[in-house]
Amino acid sequence: MSGVNPHIETSWKSVLNDEFNAPYFSELKEFLIEEKKRYIIYPPGKLIFNAFNLTPFDSVRVVILGQDPYHGAGQAHGLCFSVPKGIAPPPSLVNIFKEINDDIGIPVPAHGNLEKWAHQGVFLLNATLTVRANQPGSHQRKGWERFTDAVIRELSKQRVGLIFLLWGKFAHEKASLIDEKKHYILKAAHPSPYSAFNGFFGCRHFSKTNEILRNHGLPEIDWRIE
């Protein structure tokens, strides 16, 4: 089934095998097949698991959690908050870049493609991995959240010392899936224009993430986007 069958990086396929074989995932596949007959669905099928394919399970160092893919034409490419080159950065991403600039002095980039972060171990996970064009939230509560909750649980269980950046109330609720004795959780408001001034601006999560990595003798994340 093009775009739905999990053509996903091998380490993730192994970790998530039970999820792919669970009844709910079959139901999710059927739902997506029917949706694609009637609607335009984002991101394109081959990019649904892009975050997984760019950041293998054992390469994850930092987790940033989003809620839904972007629902505008050409925006979603399987990485939360990110857009392909040539697509104007949406407001939340603009605010992320503003905070990075204020936090560590990196200039605001000319584009919003965050693949460079993904290649360094920043896992850019949306809780829901698909959406109808121009209908935000349209694929919520269809099975994706159960799947991505399992992703977070497996990272918490099998890895040590990960840094989870949880922005906004929705992301904060995912903290219950994470073992805080083994991992780091940094919380802030969501970077959207509606909430960024209520605790996202000034959170300094980017320098704090690098401080944690540095204290463990690990390479820092280069947050620059070229």
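The sections below set out a description of the structure shown in this document. Everything numeric in this text was worked out from a predicted model, so none of it was measured.

**Concerning the packing of aromatic side chains**
- Counted under the stated rule, the structure contains 23 aromatic pairs.
- Taken together, a centroid distance of 6.3 Å and an interplanar angle of 85 degrees make the contact between Phe20 and Phe49 edge-to-face. Placement of Phe20 in helix 2 (residues 17–20) and of Phe49 in the loop between strand 1 (41–42) and helix 4 (50–54) is noted, with a sequence separation of 29 residues between them.

**Focus on the pattern of salt bridges**
- Inspection of every chain in the model, using the stated rule, returns eleven salt bridges.
- Its salt-bridge partner being Glu154, residue Lys157 comes within 3.4 Å of it at the nearest N-O pair. Residue Lys157 and its partner Glu154 are located together in helix 7 (residues 144–158), separated by three residues, close to a single helical turn.
- The class for Lys157 is exposed, based on a relative accessible area of 56%.
- We classify Glu154 as buried; its relative accessible area is 17%.
- The residue Glu173 makes a salt bridge to Lys169 at a minimum N-O spacing of 2.8 Å.

Conventions we followed
Residues numbered from 1 in each chain as written. Predicted model: local features only at pLDDT ≥ 70, side-chain atom pairs only at ≥ 80, totals over all residues. Heavy atoms only, no water. Phe/Tyr/Trp six-rings, centres within 6.5 Å; stacked < 30°, edge-to-face > 60°. Helix = DSSP H or I, 4+ residues; strand = E, 2+ residues; numbered from the N terminus. Salt bridge = Lys/Arg side-chain N within 4 Å of Asp/Glu carboxyl O. Buried < 20%, exposed > 50% of the residue type's maximum accessible area, 1.4 Å probe, protein only.

These figures capture arrangement, not role.
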